[in-house]
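If you want the building blocks of each chain, they are given just below.
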Amino acid sequence: LYMTLSRICCIGAGYVGGPTCTIIADKCPDVTVTVTDLSQDRINQWNSDDLPIYEPGLDEIVRRRRNKNLFFSTDVKKAVIEAELIFICVNTPTKNYGLGKGRAADLKYVEAAARMIAEVANQSKIVVEKSTVPVKAAESISNILKANQRRGVQYQVLSNPEFLAEGTAVNDLLNPDRVLIGGEQTKEGREAVESLCWIYSHWVPRENIITMNTWSSELSKLAANAFLAQRISSINAMSAICEMTGADVTEVAHAVGTDTRIGNKFLKASVGFGGSCFQKDVLNMVYLCECLNLPEVAAYWQQVININEYQKRRFANRIIESLFNTVTNKKLAVFGFSFKKDTGDTRESAAIYVCKYLTDEGANLRIYDPKVTDKKIFSELTNPLMCEDPERVKELVTTYPDPYEAANGTHALVICTEWDQFTTLDYSRIYQKMLKPAFIFDGRLILDHEALMKIGFQVVTIGKKL
Ligand code: NAD
Ligand code: UGA
């Protein structure tokens, strides 16, 4: 196989494939990187001035490398034939049908990618599984490749999970805590691992590249996301106790987090975690445990999800209770719809659920988000998996390009995303134009509650009795 590489390709031009390959192209100027996708739309966007995803700092790097050693194309087969190493970065959503419905990861896109590689490859390839998958998925990929192998063609399958977070993808890729590579414990396996190490060693210190067996690598990714999600559910569980007792969750998080064994990151109480991965990957782990006949372990991780659902529901209930037990026909401004700040991604955003619970009660919502398009907001809120009456939702929900306009004439503001700009709005101005008593529900603990109360607002927040 290859120790140094000159051509690599990526299958899947999404949140992971796009940024990861852009950084590789930037750091490895002698390597030609082709990022492919079946979606012509997505590829057109990658080739335009308006990239399909918003990530601070990404535009500039794409512009610097595009059509030099970074290419975006729908010709997946051609790119695969030419590449020595292929990243599989396709989506692995939770299955919404059949066996394992609602829990297992759907591997149909990974399998399709593997079959396509086997169909067209006429020389040996290193196939790198970057998508997040259940343990032993690399073995399935390897089986598919080997069962369809042409003469003289050999495959090595590696696991190289991605740890970037959205909104900070560029920095996470440039300065990763670690790069993880799993491979077969054979001579060929180790050589393939070395080739991938060579790519990363262009910018990542060698001691930060961890290598291990494939299964450990696959499980480590699920474990890392499960631990992160568990921290959020743990602090959110504390927030419920705080609201009942007079303890303040921010103070508790600070006190707990200063223990260096625990650490202070990822202890921010919130309306609940969202994003395309935490829920999916924890459920994936739960399903794995059930399949392995480990029901106690499955139940342990399932509880992380249960607390998250509880938190979203609890926040919506507090809004309704505070507004005198009814929001029917009331106007509520919702600030923020993406699942976290600095991204336009709405997948599994807590805002979707909060909006759903409120529209189920007949509330009129006026939604403002600096990066999410109207189209996306409506497609999330009318998604048939959770919405029974899309016409009703369209009647109840309006989107606004400006937060002041959205708040005009409302009974309450609901903060669902921690966008920085929400902390610097002129709340006195907003207050003037709202109905009284004017409420603010801070689902992200980002506002100055004392100052808001001085203005006259009734403030309700997570994890603190005000
Ligand atoms: P995404 O949906 O943004 O992108 C996946 C892309 O793959 C889509 O554009 C889709 O059209 C394309 N695709 C699917 N099948 C294809 C095929 N056969 N050939 C060519 N293209 C195909 O997904 P994402 O957010 O980039 O996530 C990809 C994987 O990475 C998932 O397994 C996810 O769990 C994991 N991951 C995501 C993140 C994140 O922050 N989003 C971080 C770490 C890991
Ligand atoms: C997460 C992980 O952080 C990445 O390491 C991982 O690669 C990725 O999942 C993945 O596998 O997809 P991401 O979902 O992009 O990244 O964003 P996070 O910053 O982890 O935030 C996830 C959710 O948790 C957001 O809704 C965020 O608001 C919430 N959160 C985060 C909290 O409520 N409290 C916190 O303290 C931290």
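Conventions we followed
Residues numbered from 1 in each chain as written. Chains lettered and ligands numbered in written order. Predicted model: local features only at pLDDT ≥ 70, side-chain atom pairs only at ≥ 80, totals over all residues. Heavy atoms only, no water. Helix = DSSP H or I, 4+ residues; strand = E, 2+ residues; numbered from the N terminus. Rg over C-alpha atoms; globule rule 2.2 N^0.38 Å. Buried < 20%, exposed > 50% of the residue type's maximum accessible area, 1.4 Å probe, protein only. Contact = heavy atoms within 4.5 Å. Lys, Arg positive; Asp, Glu negative; His and termini not counted. Charge placed at Lys NZ, Arg CZ, Asp CG, Glu CD. pLDDT = per-residue confidence, 0-100. Near = heavy atom within 4 Å. Polar contact = N/O pair within 3.5 Å; in protein donor to acceptor, adjacent residues only side chain to side chain. Nonpolar A, V, L, I, M, F, W, Y, C, P; charged D, E, K, R; others polar. Axes fitted to C-alpha atoms, helices over the stretch in contact; angles between N-to-C directions. Parallel < 35°, antiparallel > 145°, perpendicular 65-115°, else oblique. Left-handed = near helix turned anticlockwise from the far one by under 90°. UniProt positions renumbered as here; feature names shortened; annotations may be inferred. Pairing = 2+ DSSP bridges. Salt bridge = Lys/Arg side-chain N within 4 Å of Asp/Glu carboxyl O. Areas by Shrake-Rupley, 256 points an atom, 1.4 Å probe, with all protein chains shown as cover. Patch = residues over 30% accessible without salt bridge, like charges linked within 9 Å, V, L, I, M, F, W, Y side chains within 5 Å.

Enquirer: What is the right way to read the overall build of the protein chain from this model?
Expert: On a plain count of helices and strands, the protein chain comes out with 18 helices and 14 strands. Expected size for 466 residues packed as a compact globule is a radius of gyration near 23 Å; at 24 Å, the protein chain falls within 12% of this value. Expressed as a percentage of the 466 residues in the protein chain, the buried residues total 54%. Here the contacts in the protein chain between residues at least 6 apart in sequence split such that 76% fall between residues at least 24 apart. Positive and negative side-chain charges of the protein chain, numbering 54 and 56 respectively, have mean locations separated by a distance of 1 Å.

Enquirer: Where do I start with the confidence of the model for the protein chain in this structure?
Expert: Any region with low pLDDT has predicted coordinates that should not be read closely. For the protein chain, the mean per-residue pLDDT works out to 96, and 100% of the residues sit at or above 70. Predicted as a complex, the structure gets a pTM of 0.96 and an ipTM equal to 0.98.

Enquirer: Can you help me understand the site of ligand 2 in this one?
Expert: The immediate surroundings of ligand 2 are formed by 20 residues, with Phe-163, Ser-270, Cys-277, Phe-339 and Arg-444 found nearest. In this structure, an oxygen atom belonging to ligand 2 sits 3.4 Å away from a main-chain N or O atom of Glu-162. Measuring from an oxygen atom of ligand 2, one finds a backbone N or O atom of Leu-164 at 2.7 Å. Take the shell around ligand 2: its biggest share by element is four residues, from helix α9 (residues 214-245). Considered class by class, the residues forming the shell around ligand 2 number 11 nonpolar, three polar and six charged.

Enquirer: Got a minute to help me understand the packing of α9 against helix α12 (residues 295-322) in this structure?
Expert: The description of two packed helices rests on the angle between their axes and on the distance between the axes. For the pair α9 and α12, the least separation of the axes is 9 Å and the interaxial angle reads 45°. Judged by the angle between their axes, α9 and α12 are oblique. Our pair here, α9 against α12, has a crossing hand that is left-handed. Where α9 approaches α12, its residues Ala-226, Phe-227, Ala-229, Gln-230, Ser-233, Asn-236, Ala-237, Ser-239, Ala-240 and Glu-243 are matched on the opposing element by Tyr-300, Trp-301, Val-304, Ile-307, Asn-308, Tyr-310, Gln-311, Arg-314 and Arg-318. A class-by-class count of the residues in the contact of α9 with α12 yields 10 nonpolar, six polar and three charged.

Enquirer: Please explain the UniProt feature "active site" (unreviewed entry) in the protein chain as it appears in this structure.
Expert: The UniProt feature table records "active site" (unreviewed entry) at Cys-277. Structurally, Cys-277 can be placed in the loop between α10 (249-257) and α11 (278-291). Those residues in contact with Cys-277, other than ones at most four positions away along the chain, are Asn-225 and Val-282.

Enquirer: Any chance you could explain the sheet that holds strand β12 (residues 412-415) here in plain terms?
Expert: Strand pairing within a sheet occurs via backbone hydrogen bonds; the two strands may be parallel or antiparallel. If you trace the six strands from one edge of the open sheet to the other, you get β11-β10-β9-β12-β13-β14, paired in parallel fashion. With partners counted over all chains shown, the strands left at the sheet margins are β11 (397-399) and β14 (458-461), one partner each. Between one strand axis and the next, the sheet turns through 20° on average, direction left out of account. Relative to β14, strand β13 (residues 439-442) runs parallel, the two being bridged by four bridges. Pairing of Ile-440 across the sheet is with Val-459, part of β14. Those strands touched by α12 are β9 (331-335), β12, β13 and β14, and its axis lies near 170° from that of β13.

Enquirer: How should the pattern of salt bridges be read in this particular structure?
Expert: Side-chain pairing between opposite charges can occur once the charged atoms of the two side chains come close. All told, the structure shown has 26 salt bridges when counted by the stated rule. The residue Arg-347 makes a salt bridge to Glu-166 at a minimum N-O spacing of 3.5 Å. With Arg-347 in the loop between β9 and α13 (350-360) and Glu-166 in the loop between β6 (155-159) and α7 (169-174), this pair connects stretches of sequence that are 181 residues apart. For Glu-166, a relative accessible area of 10% puts it in the buried group. For Arg-347, the salt bridge identified is with Asp-345, shortest N-O distance 3.0 Å. When salt bridges with common partners are traced through the structure, they connect Asp-26, Glu-60, Arg-64 and Arg-65 into a single cluster.

Enquirer: Just to check I follow, could you spell out the site of ligand 1 for this structure?
Expert: Neighbouring ligand 1 are 23 residues; Asp-37, Arg-42, Thr-92, Glu-166 and Lys-280 lie closest to it. Within the side chain of Glu-166, one N or O atom sits 2.8 Å away from a nitrogen atom of ligand 1. Separating an oxygen atom of ligand 1 from a side-chain N or O atom of Lys-280 is a distance of 2.5 Å. If ligand 1 stood free it would expose 830 Å²; the protein chains cover 90% of that surface. The class makeup of the residues in the shell around ligand 1 is nine nonpolar, seven polar and seven charged.

Enquirer: Sorry if this is basic, but what is going on with the side chain of Ser-217 here?
Expert: In this structure, Ser-217 sits in helix α9. For Ser-217, a relative accessible area of 0% translates into the label buried. Setting aside anything within four residues of it in sequence, one finds Ser-217 in contact with Ser-159, Pro-161, Leu-180, Ile-181, Gly-182 and Met-212.

Enquirer: What exactly am I supposed to notice about a nonpolar patch on the surface here?
Expert: The grouping of Leu-292, Leu-294 and Val-297 at the surface amounts to a nonpolar patch, some 240 Å² of accessible area in total. Position of Leu-292 among the secondary structure elements: in the loop between α11 and α12. By relative accessible area, Leu-292 is classed as exposed at 53%.

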